[in-house]
Amino acid sequence: MWFKRTTFLTVVLLGIATFISMRLTEFDLSKFRDFRNMVDFLSQWFPMDYSALPRLLWDSAETLGMAFLGSFLGLIIALPISFFAAKNTSPSGIIYNLVRILMSLVRSIPEIVFGLILLTALGLGPFPAVLAIMFHNIGVLGKLISELIESAEPGPQEAMRAIGSKNWLASLFSILPQIWPNVLSQYFYRFEVAIRTSLILGFIGGGGIGQRLFNDFKSFQYSSVSLDVLLIMLIVIIVDSFGSYVRNKVI
């Protein structure tokens, strides 16, 4: 029988949580009754203003560079650290717990908080934004990759140890080939997330098309805003398509 007491309790708890959340967030669908304000607002987005396209393309490239460099550096640093955060490859339980705690601390701080700290310390521009994305990705990718390492087949690692390989060599050459396609998949997902993060960091002075979008909104240049949004959508679509292509080639 599919109906159980636990199922009923789960549905009731979800209903209570949904009701409380709607009250706390002032969730009210009746606010959609009048679409005239939204229609008037969106009508100002068109036609798009292409006069600033060369500058927007440069800002888009800057945003793409911020996202790529921040996520790539995060991967490069997180990859070796993740072996210390996996139970089957960590040298000791103390190191395992210490690294896991440190990664949790880094992961718990959002990129925008890192961005506010670094932009205040280092000044405005894309460099602090790159560091903010990198620090957060070290924690996120470190956790994800360590879980992939723990789920790897132990057979190849045991075989390499049997022929006299050192522990770190056995871990590197027996586990990494197994998890590499999934590592790439996680990296490209974090790359996409980093693009959206770069936009938010641009709102606080991190540069790129996010800062351009924020300035266009503040100056009510909605015909430029529409072009900003279009370019952002194209960037995400291109990165997603390229990531899918690379994953298919590797797998």
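Residues numbered from 1 in each chain as written. Predicted model: local features only at pLDDT ≥ 70, side-chain atom pairs only at ≥ 80, totals over all residues. Heavy atoms only, no water.

The name an unreviewed UniProt entry assigns to the chain is Phosphonate ABC transporter, permease protein PhnE, from the organism Fredinandcohnia salidurans. Quoted verbatim from the Sequence similarities (unreviewed entry) heading of the UniProt record, the comment on the chain is "Belongs to the binding-protein-dependent transport system permease family." (UniProt positions renumbered as here; feature names shortened; annotations may be inferred.)

This part is about the overall build of the chain. For the chain, the count of helices and strands is 10 helices and 0 strands. In the chain, the succession of α and β elements from N to C terminus is α-α-α-α-α-α-α-α-α-α. Counting the 251 residues in the chain, one finds 37% classified as buried. Put simply, 74% of the contacts in the chain that link residues at least 6 apart link residues at least 24 apart. (Helix = DSSP H or I, 4+ residues; strand = E, 2+ residues; numbered from the N terminus. Buried < 20%, exposed > 50% of the residue type's maximum accessible area, 1.4 Å probe, protein only. Contact = heavy atoms within 4.5 Å.)

On to the packing of helix H3 (residues 53-84) against helix H6 (residues 126-150), then. Packing of H3 against H6 leaves a shortest axis separation of 6 Å and a crossing angle of 40°. Classified by the angle their axes make, H3 and H6 are oblique. Viewed along their axes, H3 and H6 form a crossing whose handedness is right-handed. In terms of residue class, the contact of H3 with H6 is made up of 19 nonpolar, 7 polar and 1 charged. (Axes fitted to C-alpha atoms, helices over the stretch in contact; angles between N-to-C directions. Parallel < 35°, antiparallel > 145°, perpendicular 65-115°, else oblique. Left-handed = near helix turned anticlockwise from the far one by under 90°. Nonpolar A, V, L, I, M, F, W, Y, C, P; charged D, E, K, R; others polar.)

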